[in-house]
Protein chains: 2
Amino acid sequence: MHFVIQHDQFVKSVQHVNKAVSSRTTIPILTGIKMDVTSEGVTLTGSDSDISIESFIPAQDEETEYVEIKEEGSIVLQARFFADIVKKLPGESIEIYVQDQFATTVRSGSVVFNLNGLDPEEYPRLPKLEEDRTFCLPQNLLKDMIRQTVFAVSTQETRPVLTGVNLESENGEVICTATDSHRLAMRKASLETEREDLVISNVVIPGKSLNELNKILEDTDDLIEVVVTDSQVLFKLKHLLFFSRLLDGKYPVTKTMIPGQFKTTLELTKKEMLQSLERALLLSREAKNNVVNLKTLGNNEIEITSVSVEVGKVTEKVSCNEIEGEELRISFNGKNIIDALRVIDSETVTISFTGAMSPFILQPADHDQMLHLFSPVRTY
Amino acid sequence: MHFVIQHDQFVKSVQHVNKAVSSRTTIPILTGIKMDVTSEGVTLTGSDSDISIESFIPAQDEETEYVEIKEEGSIVLQARFFADIVKKLPGESIEIYVQDQFATTVRSGSVVFNLNGLDPEEYPRLPKLEEDRTFCLPQNLLKDMIRQTVFAVSTQETRPVLTGVNLESENGEVICTATDSHRLAMRKASLETEREDLVISNVVIPGKSLNELNKILEDTDDLIEVVVTDSQVLFKLKHLLFFSRLLDGKYPVTKTMIPGQFKTTLELTKKEMLQSLERALLLSREAKNNVVNLKTLGNNEIEITSVSVEVGKVTEKVSCNEIEGEELRISFNGKNIIDALRVIDSETVTISFTGAMSPFILQPADHDQMLHLFSPVRTY
């Protein structure tokens, strides 16, 4: 194996596949990054067996030559060093070649690294997926859908299926849902083309995989293809493949949990509500229960309060654009509402209640593609 | 106690004094920030008994009214909440008043915090220092002196006096020295006025105090006054006093450690040497000893190498502006040299050796106000 590659292009690819590599794996070869060199270009692979990322650098495209291939071949190099090393290399190009026994030389400018490589034959092959269930989304839309749901997954392993985001399709829309059983975040997106044939349900993608994917996704409306199978999901970007295993188990039916009729509805400015809850949380966080109380007043105002026996009490009034329906006093986990408000991009939000003891919903006021559901907290 | 104060001014003062407050103190009252209100203005105090910081906000200066004093008095409030609370208050001014039993109300805009205060009589008084040994320095010069020495203090408590920076005066200069017994950093500064009367020696300021002070110092050439006593040092800024206790014990005599004659001298570009050592450290850090090897070559070049049995080897050539004297092979702790190079602001540095087994020095090429000394490492 012997090639010379553009520095910046190579560093970016190595950093991408390195996101899948874990130093805590029990399979030693997976601490490495695999390089495959053919006349077409260089393919890098990183994997922790849950997530696998494959990045391809073509030898050339229409305008630019990225790689000069001198000899085809493969090698696996320790990811932790390799990623740091290539980042710190001084030259505009990097020459890499393998000698006997996987001894690998990395040369750039006046710097020479001699690295102990590992046998590429030991590296597991990535799965070949059946591509019969696929759909496309703009990259920035997928990035939003992940950001607006993944924070709500459970961090507890008691119900493993809740540590993932559930992906399903319905009436030409795809829907992401996450819940830790105290709060739920749901985000829909319409597919650009009619896809009545598409049937996706109970596809539960680990939250960790989506967090890593979101670091790679860029803020462009280039399309990304999503391929779903029974045990894997594959996100296909230009020159990058992101594989994740799916979580086993039946995801709970969440649609029936969402109330349809409301007794009290508030419409208010997101930023004011967020700042008010952040202040209230200063004290309720100290009381270690995050409990914040909300009470409707006259004059389209609500009162937000929280108490810490040790530190003191905070009381503040927040103006609403509108309050409809019955008077209300309710207590909830303020941290959960803050998390949801932070991922809502709209300026105005609606909160709809069905009484002090029932779940309530929070939505952007200007569209219905997103919904957050919360259980109240009993304070007596 | 009752006053109304400008939001931004107050937040800044609270953040300053909060730097001295530790949540791990054994004296409960020191978890608080003390407020003293007189007709002159508001004084805030924070302390962990090693460091004490006092910040004063005058009721008014020539142009602006900062505080409206309604009633004089004092209170102590829990620092951790208070600092967060004032930062998140919405209004442009903050009203604070104390009722019975130290119950304190903090009001801003439509927000009201009721906080449990503590008895200000319990708060320890700050020392009154004899001001007979004092000198002045520009704030940015003191900031540089701290940054360029404090990284070299010992982090081990086996010789407590080495965890501080030694301050001394000599021939109208003040000198800061730090050493962990493997490396030493020294920085001198000339005093603006002749001060032959000034005698400062063995004034050892805890590294931790100087790190906190450096967060408060600003990049201006306004003068700061330094007051030295046998057990305390006081840094006097406009409206801010920073007290630190001194470390007990005799600081080692370091002047005699610095070699005066050299066998090999290199002059090279700081940035190139730094980047080369950072690459070498990638492998030597893994070998857990940070050992980097340097060898002079012909052609005004040196070779930098390091080895990790597990990962591999790096070799690189660095061009020098000049190499004078004997050929040399030497090994050293690369991390220590990197730390020193990072605080040197000059573009060119000189490294002077007295043989492979003797300490060597690193200096900026353009002035002699700074010196770094290192022990070599034996590699056989």
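Just so it is clear, the model here is predicted, and its values are computed rather than measured.

Draft legend 1. Region of interest: the overall build of chain A. The number of helices and strands found in chain A is 6 helices and 26 strands. Principal axes of the C-alpha set define a box for chain A whose edges measure 80 × 55 × 40 Å. Across the 380 residues that make up chain A, the buried fraction comes to 54%. For chain A, contacts bridging at least 24 residues in sequence account for 66% of all contacts bridging at least 6. Accessible area of chain A: about 18000 Å², with a carbon and sulfur share of 43%.

Draft legend 2. Inspection of the sheet that holds strand S14 (residues 203-206) of chain A at higher detail. All names here are of chain A. One open sheet accounts for 9 strands, arranged S14-S11-S12-S13-S26-S25-S24-S18-S22; its pairing is antiparallel. With one partner strand each, in any of the chains shown, S14 and strand S22 (322-325) form the two edges of the open sheet. Here the strands of the sheet are splayed against their neighbours by 20° on average, with no regard to which way each runs. Bridge count for strand S11 (residues 164-170) against strand S12 (residues 173-179) is 5 bridges, and the pairing is antiparallel. Among the inter-strand pairings, Glu-168 is bridged to a residue of S12, identified as Ile-175. Helix H4 (residues 207-216) rests against S11 and S14 of the sheet, and its axis sits at about 65° to S14.

Draft legend 3. Spotlight on the relation of the copies chain B and chain A. Of the transformation superimposing chain B on chain A, the axial component is 0.0 Å and the angular component is 180°, with the fit at an RMSD of 0.0 Å. Such a combination of rotation and displacement between the chain copies is what one expects of a two-fold axis. No C-alpha of chain B approaches the rotation axis more nearly than that of Lys-215 of chain B, which lies at 16 Å. Mapped onto chain A, 100% of the interface residues of chain B are again interface residues, and the two copies thus contact each other with one and the same surface.

Draft legend 4. Examining the packing of helix H3 (residues 139-147) of chain A against H4 of chain A more closely. Residues and elements named next belong to chain A. Two numbers describe how H3 lies on H4: the axes approach to 10 Å, and their chain directions differ by 140°. The angle between H3 and H4 places the two elements in the oblique class. Handedness of the crossing formed by H3 with H4: left-handed. Each of Leu-142, Lys-143, Ile-146 and Arg-147 in H3 lies in contact with H4, whose residues at this interface are Leu-210, Leu-213 and Asn-214. Here the contact of H3 with H4 is built from residues that sort into 4 nonpolar, 1 polar and 2 charged.

Draft legend 5. Looking closely at the side chain of His-2 of chain A. All names here are of chain A. Looking at where His-2 falls in the secondary structure, it is placed in strand S1 (residues 2-6). In this structure His-2 comes out as buried when scored by relative accessible area, which is 19%. A polar contact of 2.8 Å, which involves the side chain of His-2, links it to the side chain of Glu-95. His-2 has contacts with Glu-68, Ile-69, Lys-70, Glu-71, Glu-95, Ile-96 and Tyr-97, leaving out every residue within four places of it along the chain.

Draft legend 6. Quick look at the interface of chain B and chain A. On the chain A side, the residues contacting the 29 residues of chain B number 29 residues. With both chains or domains summed, chain B and chain A bury close to 2600 Å², and 56% of this area falls on carbon and sulfur atoms. Counting across the interface, chain B meets chain A through 4 salt bridges. At the junction of chain B with chain A, the criterion picks out 14 residue pairs in polar contact (both at pLDDT 80 or more). Contributing elements (two or more residues each) for the side of chain B that touches chain A: helix H2 (79-88), strand S9 (111-116), helix H5 (270-286) and strand S21 (312-319) of chain B. Per-class residue counts for the side of chain B that touches chain A are 13 nonpolar, 5 polar and 11 charged.

Draft legend 7. Unusual backbone geometry, seen in detail. All names here are of chain A. We note that Asn-202 has phi near 55°; this positive angle belongs to a residue other than glycine. Residue position: Asn-202 is located in the loop between strand S13 (183-190) and S14. For Asn-290, which is not glycine, the phi dihedral falls at a positive 60°.

Draft legend 8. Looking closely at the sheet that holds strand S2 (residues 32-38) of chain B. Residues and elements named next belong to chain B. Across the sheet, 8 strands lie side by side as S6-S2-S3-S4-S17-S16-S15-S10; this open sheet has antiparallel pairing. Edge positions in the sheet fall to strand S6 (73-78) and strand S10 (134-138), since each has one partner strand and no second. The mean angle between the axes of side-by-side strands here comes to 20°, regardless of whether they run parallel or antiparallel. Running at roughly 95° to S6, H2 makes contact with S2 and S6 of the sheet. Against the sheet, helix H3 (residues 139-150) contacts S10, strand S15 (223-228) and strand S16 (232-237), and its axis sits at roughly 95° relative to S10.

Draft legend 9. Representation of the domain arrangement of chain A in the model. Residue and element names in this part refer to chain A. Under the domain assignment used here, chain A contains domain 1 (2-122), domain 2 (134-255) and domain 3 (258-374). Taking the mean C-alpha position of each, domain 2 and domain 3 sit 28 Å from one another. Of the residues lining the interface, 15 residues belong to domain 2; the matching set on domain 3 comes to 13 residues. Roughly 1300 Å² is buried in total at the junction of domain 2 and domain 3, and carbon and sulfur atoms are behind 47% of that figure. Ranking the residues of domain 2 by area buried against domain 3 places Arg-183, Leu-184 and Met-186 at the top, with a combined share of 37%.

Draft legend 10. Structural context of the pairing of strand S25 (residues 360-364) of chain B. All names here are of chain B. Of all 5 residues making up S25, 5 are buried, and the element is well covered by its neighbours. Joining the antiparallel neighbours strand S24 (residues 348-353) and S25 is a turn of 6 residues, in which Gly-355 adopts a positive phi near 105°. One ladder, built from 3 bridges, connects S25 with strand S26 (residues 370-374); its direction is antiparallel. Each bridged residue has a counterpart across the sheet, and for Leu-362 the counterpart in S26 is His-372.

Draft legend 11. Quick look at the pattern of salt bridges. Following the criterion strictly, the structure yields 38 salt bridges over all chains and no others. With its nearest N and O atoms 3.1 Å apart, the salt bridge here joins Arg-147 of chain A to Asp-144 of chain A. Taken together, the positions of Arg-147 of chain A and Asp-144 of chain A, both in helix H3 and 3 residues apart, correspond to about one turn of that helix. The shortest N-O distance in the salt bridge between Lys-12 of chain B and Glu-218 of chain B comes to 3.9 Å. One end of the pair, Lys-12 of chain B, is in helix H1 (residues 7-18); the other, Glu-218 of chain B, is in the loop between helix H4 (207-216) and S15, with 206 residues separating them in the sequence. Judged by its relative accessible area of 43%, Lys-12 of chain B falls in the partly exposed class. The network of salt bridges with shared partners includes Asp-180, Arg-183, Lys-335 and Asp-339 of chain A.

Draft legend 12. Representation of the UniProt feature "domain: DNA polymerase III beta sliding clamp C-terminal" (unreviewed entry) in chain A. With numbering aligned to this structure, UniProt lists the feature "domain: DNA polymerase III beta sliding clamp C-terminal" (unreviewed entry) at residues 255-377 of chain A. Between the end C-alpha atoms of residues 255-377 of chain A the distance is 22 Å, and the span holds 22% helix and 43% strand.

Draft legend 13. Broad picture of the packing of helix H5 (residues 270-286) of chain A against H2 of chain B. Interhelical geometry of H5 of chain A versus H2 of chain B gives an angle of 170° and a closest axis separation of 9 Å. One finds that H5 of chain A runs roughly antiparallel with respect to H2 of chain B. Classified by chirality, the crossing of H2 of chain B by H5 of chain A is right-handed. On the side of H5 of chain A, the interface is formed by Glu-278, Arg-279, Leu-282, Leu-283, Arg-285 and Glu-286 of chain A, while H2 of chain B contributes Arg-80, Phe-81, Asp-84, Ile-85 and Lys-88 of chain B. A breakdown of the residues in the contact of H5 of chain A with H2 of chain B according to their chemical character gives 4 nonpolar, no polar and 7 charged.

Draft legend 14. Spotlight on the environment of Arg-245 of chain A. Residue and element names in this part refer to chain A. Within the secondary structure, Arg-245 sits in strand S17 (residues 240-245). A residue is classified by how much of its surface remains accessible, and Arg-245, at 31% relative accessible area, is partly exposed. Sequence-wise, Arg-245 and Ala-79 are 166 residues apart; in three dimensions their C-alpha atoms are separated by 21 Å. Apart from the residues lying within four places of it in its own chain, the contact partners of Arg-245 are Asp-50, Pro-206, Ser-231 and Gln-232. Of the polar contacts made by the side chain of Arg-245, one reaches the side chain of Asp-50; its length is 2.7 Å.

Rules and cut-offs
Residues numbered from 1 in each chain as written. Chains lettered and ligands numbered in written order. Predicted model: local features only at pLDDT ≥ 70, side-chain atom pairs only at ≥ 80, totals over all residues. Heavy atoms only, no water. Helix = DSSP H or I, 4+ residues; strand = E, 2+ residues; numbered from the N terminus. Buried < 20%, exposed > 50% of the residue type's maximum accessible area, 1.4 Å probe, protein only. Contact = heavy atoms within 4.5 Å. Areas by Shrake-Rupley, 256 points an atom, 1.4 Å probe, with all protein chains shown as cover. Pairing = 2+ DSSP bridges. Axes fitted to C-alpha atoms, helices over the stretch in contact; angles between N-to-C directions. Least-squares fit on C-alpha atoms with pLDDT ≥ 70 in both. Parallel < 35°, antiparallel > 145°, perpendicular 65-115°, else oblique. Left-handed = near helix turned anticlockwise from the far one by under 90°. Nonpolar A, V, L, I, M, F, W, Y, C, P; charged D, E, K, R; others polar. Polar contact = N/O pair within 3.5 Å; in protein donor to acceptor, adjacent residues only side chain to side chain. Buried area = accessible area lost by both parts, 1.4 Å probe. Salt bridge = Lys/Arg side-chain N within 4 Å of Asp/Glu carboxyl O. Domains from an automatic or database assignment. UniProt positions renumbered as here; feature names shortened; annotations may be inferred.

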